[in-house]
Amino acid sequence: MPKTIKIKLVNKVDSSYDIAIGENLDKVIVNDLKKFNHSKYVIVTDDVTRKLFGDKLLAVLRKS
């Protein structure tokens, strides 16, 4: 009769990420997005942030 040996594997995932804090981060965002080979993105924000920065960021993204 065959023996069964259990092999325990631990799956460790690092879910860390960077947050950029500062002024005029539109160029940082564009450069970060250029690292990926995608043509469509989604911007997730709230109403206040959208009113303050949404149109400017959208214009920069469209231009780039």
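Look above for the structure.
Residues numbered from 1 in each chain as written. Predicted model: local features only at pLDDT ≥ 70, side-chain atom pairs only at ≥ 80, totals over all residues. Heavy atoms only, no water.

Asker: Could you give an account of the pattern of salt bridges, with specific residues and numbers?
Answerer: On inspection of all chains with the given rule, the structure shows 1 salt bridge. Its salt-bridge partner being Asp32, residue Lys35 comes within 3.5 Å of it at the nearest N-O pair. On the basis of relative accessibility, which here comes to 66%, the residue Lys35 falls in the exposed class. (Salt bridge = Lys/Arg side-chain N within 4 Å of Asp/Glu carboxyl O. Buried < 20%, exposed > 50% of the residue type's maximum accessible area, 1.4 Å probe, protein only.)

Asker: Tell me about unusual backbone geometry, and name the residues and values.
Answerer: One non-glycine residue, Asn24, lies in the positive phi region at around 55 degrees. Secondary-structure assignment places Asn24 in the segment before α1 (26-34). Residue Asn24 is classed as exposed on the basis of its relative accessible area, which comes to 56%. (Helix = DSSP H or I, 4+ residues; strand = E, 2+ residues; numbered from the N terminus.)

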